[in-house]
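Analysis of the macromolecular model
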There are 2 protein chains.
Amino acid sequence: MPAPVLTTRGAATRRRIVTVASDLVAEKGLVQLSLDDVCERAKVSKGQLYHYFASRGALVTALTEHVVTEVLDLQSPLFAQLDTLAGLQFWVSAVVQYHARRGARGGCPIGSLISQLDRGDEASRAVIARGFQQWGDALEEGLATMVRSGHLDDSIDPAYEARLLVIALEGGLLLTDVYRSTIWLREALDARLQHLRLHLASARV
Amino acid sequence: MPAPVLTTRGAATRRRIVTVASDLVAEKGLVQLSLDDVCERAKVSKGQLYHYFASRGALVTALTEHVVTEVLDLQSPLFAQLDTLAGLQFWVSAVVQYHARRGARGGCPIGSLISQLDRGDEASRAVIARGFQQWGDALEEGLATMVRSGHLDDSIDPAYEARLLVIALEGGLLLTDVYRSTIWLREALDARLQHLRLHLASARV
DNA sequence: TATTGACTGGACTCTGCAGTCCATTTATGA
DNA sequence: TCATAAATGGACTGCAGAGTCCAGTCAATA
C-alpha cells in the first residue's frame, strides 16, 4: 500500500504479474482467476506476488487498471479520427470486428468485470468508472469537433450522444455475449450512427 | 437428471431451495453463492440439496430460470399496456424506479448473470437468451400493435425497435451499476422513446 | 401392516485457494 | 567489501466450499 520502493527488476516482475493476470481474466473470467495460476504462468512465487500486492483484491484493482488502459490504448489511433462520421463508422466496424474475432465471447473486457467484482470493491469499481468516462470523453471530443466544424448541426449534444454510444456499446456487447453473435452490437452502434447522420449539416438542405 | 419423481412435499422443498438461492444471488451475486449458505437459509440439508440437484451447476441453471420468470412476471401487468406510447413511458418509469429503489446496485438481475456464469455453462446461457427473447417479444408486440393501430407510422420496425430497447435497457443498467446512478438507464430508454415519438402518426402532420 | 421409494439429517472427505513465513539470493551504494 | 534492503523460492497453514455417504424417517399403496 505505502508505495514500496521498486527497482527496475521489481517493476518488471510486478508488470509481468499484472499482465499475466489480465490475460487469464480475458481467458477464463475474473471469477476463475486463481493466484496459483498467476504464479505459474508468470513464473513467479507466492512470496513475490505478496511482495507486490497486499491481497488478491489489490491485484484485481491493478489488473482492472491494466485492462482499462489496454483497451483504451488499443483504440487511440481510432479515437484520433473520430471527428468525421466516416471515422466514427470506422471505429464501429473495428470494434465489431474485434469482438467477432474473439468469437463474440466474454462481452466487454471492461464492462464484464463489474458484475464479477466483490461487492464492496469500490477501488476497482472506481477504476472502471474512470475508464468509461475516458471512453466517453474520446467520443465526445470527436462529436464536439464535428459540431464545431459544422459537420453536425448544433442541435446535437456531444456529451449526450457520447453517453448513448457508450450505452449502446455496453448493451450491445452484453447481448453479443448472450447470443454469441455480434449483430446486436453492430445494430446498436449503427442505430446511433444513423441518428447522427440525420443531423449532418449537409442533410439540413 | 432423468426427472426424479417428486411428491408434493418434495416439490415444495425444491422450490424453497431455488427461491432461497435466487434471493442470495440478488443479495450477494452469483459468484458469492455458497451451497452451505443456501442450505442454512432454506433450512435444508446437504443431502436434500443433492437429492434435487445433480450439482451446483444444475442449481444455478434452475435459479437462473427462476430469476428470468420472476423478472418477467413482475412486469407482465406493464407488458399488457405497451400498446401506447404512454404505456411504454410508464414501463420505463417503473423500471427506472425499481432500480433506483435497489440503490442502483447489481445491474440487471438477468443480464448481470452471464459474466458470472462458468465458461461452458451453456444451459444457463440458453435460459438467459430465452429470457431476453421473451422480453423483446413483449416490447415488440406492443410496438407492432401501435403500428397496426396507426399510432406509429409504418416506417417503424417493431422487432428492430424492441431489440434496441433491450440493448438500451442492458447497457443502461450496466452503467447504472458502474456509476451507482439511474440517470444512464433513464437517458438511454428515454432516447429510444424520443425516437419513437418522432414517428407518431399524428406527428406526421 | 409390510414394503418400497421418496425424503431428510448431518457428519465426513477432498480439494483448491488465499494468505503466511522465513530462509536465501541479488543488487547497490557508502 | 560490507551493510542493507529489495527480490525471490517455496513449503506450509487454514479454511471454505463442493460433493459423498449412509443411516434414519415419512408416506403411499398393495
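Basis of the calculations
- Residues numbered from 1 in each chain as written.
- Chains lettered and ligands numbered in written order.
- Predicted model: local features only at pLDDT ≥ 70, side-chain atom pairs only at ≥ 80, totals over all residues.
- Heavy atoms only, no water.
- Contact = heavy atoms within 4.5 Å.
- Buried area = accessible area lost by both parts, 1.4 Å probe.
- Salt bridge = Lys/Arg side-chain N within 4 Å of Asp/Glu carboxyl O.
- Polar contact = N/O pair within 3.5 Å; in protein donor to acceptor, adjacent residues only side chain to side chain.
- Helix = DSSP H or I, 4+ residues; strand = E, 2+ residues; numbered from the N terminus.
- Nonpolar A, V, L, I, M, F, W, Y, C, P; charged D, E, K, R; others polar.
- Near = heavy atom within 4 Å.
- Least-squares fit on C-alpha atoms with pLDDT ≥ 70 in both.
- Core = buried A, V, L, I, M, F, W, Y, C linked by side-chain atoms within 4.5 Å.
- Buried < 20%, exposed > 50% of the residue type's maximum accessible area, 1.4 Å probe, protein only.
- Expected span 1.5 Å × (residues − 1).
- Bend = angle between axes of the 7 residues up to and from the residue.
- Phe/Tyr/Trp six-rings, centres within 6.5 Å; stacked < 30°, edge-to-face > 60°.

Tallying the contact residues gives 41 residues for chain B and 40 residues for chain A. Taken together, both faces of the contact between chain B and chain A bury some 3,400 Å²; the carbon and sulfur share is 61%. Area buried by chain B at its contact with chain A is led by B:Arg119, B:Ile167 and B:Val178, which between them contribute 18% of it. At the boundary of chain B and chain A, one finds 4 salt bridges. Its salt-bridge partner being B:Glu187, residue A:Arg163 comes within 2.7 Å of it at the nearest N-O pair. Where chain B packs against chain A, one counts 15 residue pairs in polar contact (both at pLDDT 80 or more). Among the elements of the structure, helix 1 (8-28), helix 6 (111-114), helix 7 (122-148), helix 8 (158-179) and helix 9 (183-197) of chain B are those that each provide at least two residues to the side of chain B that touches chain A. Residue composition of the side of chain B that touches chain A, grouped by class: 19 nonpolar, 10 polar and 12 charged.

Next up on the list: the protein's contact with DNA strand C. Among the 21 residues in the neighbourhood of DNA strand C, the closest are listed as A:Leu35, A:Arg56, B:Thr7, B:Ser45 and B:Gln48. The sugar-phosphate share of atoms of DNA strand C within 4 Å of the protein amounts to 62%. Within the side chain of A:Lys46, one N or O atom sits 3.0 Å away from a base nitrogen of DNA strand C. A distance of 2.7 Å separates a phosphate oxygen of DNA strand C from a polar atom in the backbone of B:Thr7. Elements supplying a minimum of two residues to the surface near DNA strand C: helix 2 (35-42) and helix 3 (46-52) of chain A together with helix 1 and helix 3 (46-52) of chain B. Top element by residues in the surface near DNA strand C is helix 3 of chain B. It accounts for 5 residues. Broken down by class, the residue content of the surface near DNA strand C amounts to 6 nonpolar, 10 polar and 5 charged.

To continue, consider the side chain of A:Thr64. Along the chain, the position of A:Thr64 falls in helix 4 (residues 56-79). Among all residues touching A:Thr64, those that are not within four sequence positions of it are A:Leu113, A:Ser124, A:Val127 and A:Ile128.

Our next topic: the protein's contact with DNA strand D. Taken together, the neighbourhood of DNA strand D is formed by 21 residues, with A:Thr7, A:Ser45, A:Gln48, B:Leu35 and B:Arg56 sitting nearest. The share of sugar and phosphate among atoms of DNA strand D within 4 Å of the protein is 62%. Contact between DNA strand D and A:Gly47: a base oxygen at 2.9 Å from a main-chain N or O atom of the residue. Separating a base nitrogen of DNA strand D from a side-chain N or O atom of B:Lys46 is a distance of 3.0 Å. Broken down by secondary-structure element, the contributors of at least two residues to the surface near DNA strand D are helix 1 (8-28) and helix 3 of chain A together with helix 2 (35-42) and helix 3 of chain B. With 5 residues, the top contributor of residues to the surface near DNA strand D is helix 3 of chain A. Residues belonging to the surface near DNA strand D are distributed by class as follows: 6 nonpolar, 10 polar and 5 charged.

The next thing to look at is the relation of the copies chain B and chain A. The two copies are related by a screw operation: chain B maps onto chain A through 180° of rotation and 0.0 Å of translation along the axis, at an RMSD of 0.0 Å. Such a turn and shift between the copies fits a two-fold axis. Closest approach to the rotation axis among the C-alpha atoms of chain B is made by B:Gly171, whose C-alpha sits 1.8 Å away. In this assembly the copies share their binding face: 98% of the residues contributing to the interface of chain B also contribute to that of chain A.

Let's shift gears to the nonpolar core. In this structure, A:Trp91, A:Trp135, B:Trp91 and B:Trp135 are the most contacted members of the largest nonpolar core, which totals 134 residues. Once you skip the residues sitting within four places of it in the chain, B:Trp91 turns out to touch B:Gln75, B:Leu78, B:Phe79, B:Leu82, B:Trp135, B:Leu139 and B:Leu189.

The next subject is helix 7 of chain B. Taking 1.5 Å per residue, 27 residues should reach 39 Å; helix 7 of chain B reaches 37 Å between its end C-alpha atoms and fits that length. In the stretch just after helix 7 of chain B, B:Gly150 is the one whose phi turns positive, near 90°.

The terminal C-alpha atoms of helix 4 (residues 56-79) of chain B lie 33 Å apart, and with 24 residues this matches the ideal 34 Å at 1.5 Å per residue to within 8%. At B:Asp73, helix 4 of chain B shows its maximal bend, which comes to roughly 30°, and the proline B:Pro77 appears one to four places after that position.

Here the focus is the pattern of salt bridges. On inspection of all chains with the given rule, the structure shows 16 salt bridges over all chains. For B:Glu122, the salt bridge goes to A:Arg180, with nearest N and O atoms at 3.9 Å. Taken together, the positions of B:Glu122 in helix 7 and A:Arg180 in the loop between helix 8 (158-179) and helix 9 (183-197) put the pair across two chains. Residue classification places B:Glu122 among the partly exposed residues on the basis of a relative accessible area of 37%. Here B:Asp177 makes a salt bridge to B:Arg180, at a shortest N to O gap of 2.9 Å.

Residues and elements named next belong to chain A. Counted under the stated rule, the structure contains 4 aromatic pairs over all chains. Ring centres 4.9 Å apart and planes at 10° place the aromatic pair Tyr179 and Trp184 in the stacked group. The class for Tyr179 is partly exposed, based on a relative accessible area of 22%. The buried category is assigned to Trp184, whose relative accessible area is 12%.

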